[in-house]
Amino acid sequence: MKNKIRIRTFGMIAEEIGQSKLTLDQIATTENLKDYLFAQFPKLQSMKFSIAVNQKLVQGDEQIPEGAEVALLPPFSGG
Amino acid sequence: MKNKIRIRTFGMIAEEIGQSKLTLDQIATTENLKDYLFAQFPKLQSMKFSIAVNQKLVQGDEQIPEGAEVALLPPFSGG
Amino acid sequence: MTMEKQRTPKNIFVQGAISPEKIAKSIANHQSKTDIGGHSIFLGQVRKDQKDNGTVVAIEYTAYEEMALQKAFEIREAIFAKYPLNCMHIYHSLGRVDAGQICLFVFTSSKHRRAAMDACDELVERIKAELPVWGKELLDSEEHVWKVNQ
Amino acid sequence: MTMEKQRTPKNIFVQGAISPEKIAKSIANHQSKTDIGGHSIFLGQVRKDQKDNGTVVAIEYTAYEEMALQKAFEIREAIFAKYPLNCMHIYHSLGRVDAGQICLFVFTSSKHRRAAMDACDELVERIKAELPVWGKELLDSEEHVWKVNQ
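Below or above, wherever it landed, is the structure these notes cover.

Definitions and limits used
- Numbering of residues begins from 1 in every chain and follows the order in which that chain's sequence is written.
- Labels follow written order: the first chain is A, the first ligand is 1, and so on.
- Reporting of local features is limited, given that this is a predicted model, to residues whose pLDDT is at least 70; pairs of side-chain atoms are given and counted only at 80 or more, and all residues count toward the totals for whole chains, interfaces and linings.
- Side-chain numbers come from the whole structure's heavy atoms, not from hydrogens or water.
- Put simply, DSSP marks the helices as runs of H or I at least four residues long and the strands as runs of E at least two long, and each gets a number from the N terminus on.
- Both definitions apply: the radius of gyration is a C-alpha atom measure, and the globule rule equals 2.2 Å times residues to the power 0.38.
- The cut-offs for exposure are 20% and 50% of the maximum accessible area for each residue type, with area from a 1.4 Å probe on protein chains only; residues under the lower value are buried, those over the upper are exposed, and the others partly exposed.
- Surface accessibility in these figures is a Shrake-Rupley result with a 1.4 Å probe; residues are shielded only by whichever protein chains are displayed.
- Pairing between strands is defined by DSSP: at least two bridges between them are needed.
- Contacts between residues were defined by any pair of non-hydrogen atoms, one from each residue, lying within 4.5 Å.
- Accessible area, probed at 1.4 Å, shrinks when two parts are joined; the buried area is that loss added up over both.
- Salt bridges are defined as contacts in which a side-chain nitrogen from Lys or Arg sits within 4 Å of a carboxyl oxygen from Asp or Glu.
- N or O atoms closer than or at 3.5 Å make up a polar contact, with two conditions inside protein: a donor-capable atom paired with an acceptor-capable one, and, for residues adjacent in sequence, both atoms drawn from side chains.
- Only residues with pLDDT of at least 70 in both copies count here: their C-alpha atoms drive the least-squares fit that superposes the copies.
- The disulfide definition used here is simple: a pair of cysteine sulfur atoms within 2.5 Å.
- We call Asp, Glu, Lys and Arg charged. Ala, Val, Leu, Ile, Met, Phe, Trp, Tyr, Cys and Pro are nonpolar, and the rest, Gly among them, are polar.
- Here a Phe, Tyr or Trp ring, Trp counted by its six-membered ring, pairs with any other such ring whose centre lies within 6.5 Å, and the pair is stacked when the planes are under 30 degrees apart, edge-to-face when over 60, and tilted otherwise.
- Charge-over-ring placement is defined geometrically: NZ (Lys) or CZ (Arg) within 6 Å of the ring centre, and within 35 degrees of the ring normal.

Moving on: the overall build of chain A. Along chain A, the regular secondary structure elements total two helices and five strands. Reading the helices (α) and strands (β) of chain A from amino to carboxyl end gives β-α-β-α-β-β-β. Taken over C-alpha atoms, the radius of gyration comes to 12 Å for chain A, in line with the 12 Å a tight globule of 79 residues would show. For chain A, the C-alpha atoms occupy an extent of roughly 35 × 25 × 20 Å along the three principal directions. Counting only residues that meet the buried cut, chain A has 46% of its 79 residues in that class. Counting only carbon and sulfur atoms, one obtains 47% of the accessible surface of chain A, whose full area is about 4200 Å².

Now the structure itself:
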């Protein structure tokens, strides 16, 4: 889907947002996405999470390609 | 048995001596025992082994108590 | 040009607890590999921990599966490159695993023991730190808490 | 005055190879111990090594049993004192174990993984270095060589 990004959420982030999949209009960068999410879901501001774009963890602010899958990942707790 | 010591042998030492149990007249110390064994079984001189007296490894020359069980132990290779 | 066996991501996830029988079968499968001298195994088991709002009765695991499998593959390749291993197996539960049951099974094999032991250690650390997997600890009070790894 | 459970030497020797089923049973026995979070297992397997006079087909193990059991007990007590372990099990084969079969099974369990892993490592090293046990490697040529530990 052009001009859209797919958001996936996990763990306590999914619980907070109430949905594990969202589709949003294209957002330019991961920092822009965070601003958007913090406005929509204020509680996320106090929660720790990483962002993966197309299954790669991002460091700092990164561009989000068109149609990307962007995942919100709370601290891993496997094992 | 007073005035006797019981010798037990294992692994390649048992193979060399040809018996896994021997009874000998009392011998005063472990160095005396080695001298005796080296005279009886010259090949032992080139073989590596430890001695345990009553199931305790000896360090250097030690007294052999009357009636002791003395074991000749080649390098361990369990596991 | 040499032909190398091309390894590809394989599934590490199993639904529910990992049974002792599965572990036994995995061990038995290595009896034909007679150049192996040592196996190292780590098993994670769900603890019945006391929490503020109740006692843990089970953990429910979820994962970002596509990313987790790709990451597990990368870890696997890195560990194979670092240690002289004959075999390596990783299994992680998804869904509900009751307290006392096994949720993680890591299995390494090598000619001499040191490689298997060190590789197993490193695999477990990396799996816990790097795989996008989450445990939801279910309490006897019907509440839950999100598992935090040390 | 506190009552402490008095531990005494227990048998670690099993006749012949250690079966995967025995290992599975030992793992399953821990499912009721819900304060355990991690198990570490080491398995020694007989290798089909090439020697000068043939290929190893089996190892025949002998031990100075009384001394080995006392020493295993001392090692066990020292490791229990050093690490916060819930459980520790040691099994070593006596007699013939064919190539590909398991001759050593060391199993440690603890609340958090590190103790089990470190204790298992140390146990294996000490068992190989300190237990009066000998392996006679039987070759396909009917000859034999005495195993040497690294």
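The rest of the description comes next.
This paragraph deals with the sheet that holds strand β1 (residues 4–9) of chain B. Residue and element names in this part refer to chain B. Taken in spatial order, the five strands line up as β2-β1-β5-β3-β4 in an open sheet, and their pairing is mixed. Edge positions in the sheet fall to β2 (21–25) and β4 (56–57), since each has one partner strand and no second. Strand direction decides the pairing type here: β1 and strand β5 (residues 69–73), joined by four bridges, are parallel. By the bridge assignment, I7 is partnered in β5 with V70.

Once that is clear, we can look at the interface of chain D and chain C. Contact with chain D, which involves 38 residues of that partner, is made by 38 residues of chain C. Buried area between chain D and chain C, both sides added, is near 3500 Å², and the carbon and sulfur share of it is 52%. Joining chain D to chain C, the criterion identifies six salt bridges. Where chain D packs against chain C, one counts 21 residue pairs in polar contact (both at pLDDT 80 or more). Of all the secondary structure elements, the ones that give two or more residues to the side of chain D that touches chain C are α1 (20–28), β2 (38–45) and α3 (113–130) of chain D.

Right, let's talk about the relation of the copies chain D and chain C for a bit. Rotating chain D by 180 degrees and translating it 0.0 Å along the rotation axis places it on chain C, where the RMSD comes to 0.0 Å. Those values place the two copies in the arrangement expected of a two-fold rotation axis. Take the interface residues of chain D: 100% of them recur as interface residues in chain C, which is what a same-surface contact looks like.

We now examine the state of the cysteines. Cysteine pairs can be covalently joined through their sulfur atoms, and such a bond is termed a disulfide. In the structure shown here, the tally under the stated rule is zero disulfides over all chains. No disulfide involves C120(D); its nearest neighbouring cysteine sulfur is the one of C120(C), lying 8.9 Å away.

In this assembly, 18 residues from chain A lie in contact with 22 residues from chain C. Here chain A packs against chain C, burying approximately 1700 Å² in sum over the two surfaces, 55% of which is carbon and sulfur. Viewed at the interface, chain C and chain A are joined by two salt bridges. Put simply, R8(A) and E66(C) hold a salt bridge, and the shortest N to O gap is 2.7 Å. Here chain A is connected to chain C by 16 residue pairs in polar contact (both at pLDDT 80 or more). Elements with a contribution of two residues or more to the side of chain A that touches chain C: α1 (11–17), β4 (56–57) and β5 (69–73) of chain A. Its residues assigned to classes, the side of chain A that touches chain C shows nine nonpolar, five polar and four charged.

A separate point is the packing of aromatic side chains. Residue and element names in this part refer to chain C. Counted according to the given criterion, the structure contains twelve aromatic pairs over all chains. Ring centres of Y91 and F105 lie 5.6 Å apart, and the angle between their planes is 25 degrees; this geometry places the pair in the stacked category. Within this pair, whereas Y91 is found in strand β5 (residues 85–98), its partner F105 is found in strand β6 (residues 102–110), the two being separated by 14 residues in sequence. Neither residue differs from the other here; Y91 and F105 are each classed as buried. The residue whose ring lies beneath K22 is Y91, and the NZ or CZ to ring-centre distance is 4.2 Å.

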